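Listed here are the chains, written in short residue letters.
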Amino acid sequence: MRGAIDHNLQGIEAECGGCLSCATCHVYVDERFLPLLEPASADELELLTGVAAERRPQSRLSCQIPMTAALDGLTVHMPERQS
Amino acid sequence: MAHGLVIVGGSYAAVQAAASARQGGYQEPIRILSEDRHPPYQRPPLSKAFLTDAGDASVPLRADTFYAEQRITLELGTRVEGIDRGSKHVVTADGVRLRYDKLILATGARPRTMNVDGSALEGVCLLRSLDDARSIKRRLADVQSVAVVGGGFIGLEVAASCAKLGKKVTVIEALPRLMSRALPPMLADWFANQHRAHGADLRLGIGVAAFRGTGGNVHSVGLSGGTEIPAQLVVVGIGVVPNEELAKGAGLSCANGVLVDTFGRSSDPDIFALGDCSRHPSRYSDTPLRLESVQNAMDQGRAAGATIAGKETPYDTIPWFWSDQYDLKLQMSGLSAGHDAHAVRGSLDEGRFSVFYFRADRVIGVDSVNRPAEHLLARKLVAGRSALSPVQAADASFDLKALAG
């Protein structure tokens, strides 16, 4: 999420700035990277029920994916809409 | 030559308006003049994690590279003292005159101060800026007892943070209940019990007569009834005053906030006012609203930025707010003032519930505690003026998601 905000990319709205209040930083994480991520918390899973676009098994809120060296090259796909 | 957009203020509304103007294709120069000496940072953590966690680094609103990449000039430690509307200039405290084509005032608000005896003692603190928070954090390390004056969001967040750090905390609130501007009595009482359960001493419905100290440092708070509350640190959180002097001085219409239209434009169409300092018309209120929230600053910034870039975009988002106290995530959507009925969904005892507020058979606001998904649904329901009855709202098997669509 921070990567998108810092580069003023459209498609990640991140209304709440990453405090788990909005579900507008929804992404589909590329299959190759899914096993490398920490699992979603209960709050994130609850918010994912409220995403605007289709929820898929690869759905995550990007504010809950801290970047690490292991995630270098992380590929995510954008949902059709965030709100 | 184009003079571009000048933005006075350096927080959420300022940065978002600049970003949205660029996203909308605005090509002229953008200059942010901020009185704060730190690059724009997140304010909500200052009363929470910043106080309890190690380190005293701020969380930046945007990476350092953002401003150069977006061709936004950030001038820190710059105070603007006047606006010359005739020649379209702002004048800084250093006497520098800067020409603008469009001007945004995002000057925010400042904490209301106490004027009782001892208000100037060391250790009597306000909390708005990063420097304020650093000063409180530095003092916190050496004190056992903290008094918080004001039982609103800021005060209670600070109280929760101090309790978490093992401090003895007293909250002093002049009104009979906590957060009474935002919450109805039933929810205020529930939160009061949570604070008591965490060890906070709540003194409600009582004023502060004086702060007392030795050697220039505060050591206690004298209540109006004569009681002395020992405290080596006092945090005052009794509301804010909009910074509208610049606008007033320039002859713009103000009424406890710079009056703006739905696009954020003041009575001068080339001057916008956004965020805490401004008052806008809203379909959620019979009278123009001045909101003190991140959501308001961000969404008004988005609308004004797009409008300045040439795509007129009204600000029409449902107001929402949040406050984290202990492990309680309070999320509020809509404005519940003036409700004639309410319903509770979920369990007060388990600390996971939402309170729905109704007026004339429509849901007008919802306060959720540790129910983030319900908060999201609530925003849709309130914005859509959904026909929801209190009985349906209280029924856990009633499908809110289907109703929200």
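Cut-offs used in this document
Residues numbered from 1 in each chain as written. Chains lettered and ligands numbered in written order. Predicted model: local features only at pLDDT ≥ 70, side-chain atom pairs only at ≥ 80, totals over all residues. Heavy atoms only, no water. Helix = DSSP H or I, 4+ residues; strand = E, 2+ residues; numbered from the N terminus. Rg over C-alpha atoms; globule rule 2.2 N^0.38 Å. Buried < 20%, exposed > 50% of the residue type's maximum accessible area, 1.4 Å probe, protein only. Contact = heavy atoms within 4.5 Å. Areas by Shrake-Rupley, 256 points an atom, 1.4 Å probe, with all protein chains shown as cover. Lys, Arg positive; Asp, Glu negative; His and termini not counted. Charge placed at Lys NZ, Arg CZ, Asp CG, Glu CD. Pairing = 2+ DSSP bridges. Expected span 1.5 Å × (residues − 1). Salt bridge = Lys/Arg side-chain N within 4 Å of Asp/Glu carboxyl O. Axes fitted to C-alpha atoms, helices over the stretch in contact; angles between N-to-C directions. Buried area = accessible area lost by both parts, 1.4 Å probe. Polar contact = N/O pair within 3.5 Å; in protein donor to acceptor, adjacent residues only side chain to side chain.

Quick word on the overall build of chain B
Argument step 1. Secondary structure assignment for chain B yields 11 helices and 25 strands.
Argument step 2. The C-alpha atoms of chain B give a radius of gyration of 22 Å, which matches the 22 Å a tight globule of 405 residues would have.
Argument step 3. Across its three principal axes, chain B shows a C-alpha extent of roughly 65 × 65 × 35 Å.
Argument step 4. Relative to its full complement of 405 residues, chain B shows a buried share of 54%.
Argument step 5. The contacts in chain B between residues at least 6 apart in sequence include a share of 60% that link residues at least 24 apart.

Thoughts on the overall build of chain A
Argument step 1. Across its full length, chain A carries 2 helices and 3 strands.
Argument step 2. Taken from N to C terminus, the helices and strands of chain A fall in the order α-β-α-β-β.
Argument step 3. Over its C-alpha atoms, taken along the principal directions, chain A stretches across nearly 30 × 25 × 20 Å.
Argument step 4. Split into buried and exposed, the 83 residues of chain A put 46% on the buried side.
Argument step 5. Looking at chain A as shown, the accessible area adds up to about 4,200 Å², and 54% of this sits on carbon and sulfur atoms.
Argument step 6. When the 6 basic and 12 acidic side-chain charges of chain A are each reduced to a single mean position, those positions are 3 Å apart.

What to know about the pairing of strand β5 (residues 89-92) of chain B
Regular strands place side chains that alternate from one sheet face to the opposite one.
All names here are of chain B.
Argument step 1. Bridge count for strand β4 (residues 80-84) against β5 is 4 bridges, and the pairing is antiparallel. Within β5, the residue paired with valine 80 across the bridge is threonine 92.
Argument step 2. Connecting β4 to the antiparallel partner β5 that follows it, the hairpin turn spans 4 residues, and lysine 88 within it adopts a positive phi of roughly 55°.
Argument step 3. The sheet contact formed by β5 and strand β6 (residues 97-99) spans 3 bridges and is antiparallel. Note on β6: the bridge partner recorded for valine 90 is leucine 98.

A closer look at helix α1 (residues 12-23) of chain B
All names here are of chain B.
Argument step 1. Under the 1.5 Å per step criterion, the end-to-end length of α1 is 16 Å for 12 residues, consistent within 8% with the ideal 16 Å.
Argument step 2. The buried fraction of α1 amounts to 11 of the 12 residues, a majority that puts the element mostly inside the structure.
Argument step 3. Among all positions of α1, only Tyr12, Ala13, Ala14, Val15, Gln16, Ala17, Ala18, Ala19, Ser20, Ala21 and Arg22 are buried.
Argument step 4. On the buried face of α1, the contacting elements are β1 (5-8), β2 (30-33), α3 (64-69), β3 (72-75), β7 (102-105) and α8 (294-308).
Argument step 5. A positive backbone phi angle near 95° is found at glycine 25, which sits one or two residues after α1.

A word on the pattern of salt bridges
Residue and element names in this part refer to chain B.
Argument step 1. This model, assessed by the stated rule, comprises 31 salt bridges over all chains.
Argument step 2. Between aspartate 270 and lysine 102 there is a salt bridge; the shortest N-O distance is 2.7 Å. Here aspartate 270, found in the loop between β18 (258-259) and β19 (271-273), pairs with lysine 102, found in strand β7; they are 168 residues apart in sequence, far enough to count as distant.
Argument step 3. Close ionic contact of glutamate 292 with arginine 181 constitutes a salt bridge, the shortest N to O distance being 3.3 Å. Highlighted residues: glutamate 292 in the loop between β20 (278-279) and α8 and arginine 181 in the loop between β11 (168-173) and α6 (185-197), separated in sequence by 111 residues.
Argument step 4. Within the structure, one salt-bridge network assembled from shared partners comprises Glu35, Arg79 and Glu81.

Side note on the sheet that holds strand β25 (residues 362-369) of chain B
All names here are of chain B.
Argument step 1. The strand order across the open sheet built from 5 strands is β21-β22-β25-β24-β23, with neighbouring strands paired in antiparallel fashion. Since the sheet does not close on itself, it has two edges, and those belong to β21 (320-325) and β23 (341-347), each with one partner. Ignoring strand direction, the axes of neighbouring strands in this sheet form an average angle of 15°.

Considering the interface of chain A and chain B
Argument step 1. Tallying the contact residues gives 22 residues for chain A and 28 residues for chain B.
Argument step 2. For the pairing of chain A and chain B, the buried interface totals around 2,000 Å² over both sides, and the portion due to carbon and sulfur atoms is 41%.
Argument step 3. Linking chain A with chain B are 1 salt bridge, by the criterion used here.
Argument step 4. Remark: the boundary between chain A and chain B carries 11 residue pairs in polar contact (both at pLDDT 80 or more).

Remarks on the environment of asparagine 217 of chain B
All names here are of chain B.
Argument step 1. By the element assignment, asparagine 217 lies in strand β14 (residues 217-223).
Argument step 2. Judged by relative accessible area, which is 39%, asparagine 217 ranks as partly exposed.
Argument step 3. The spacing of asparagine 217 and threonine 307 is 90 residues in sequence and 50 Å in space, taken between C-alpha atoms.

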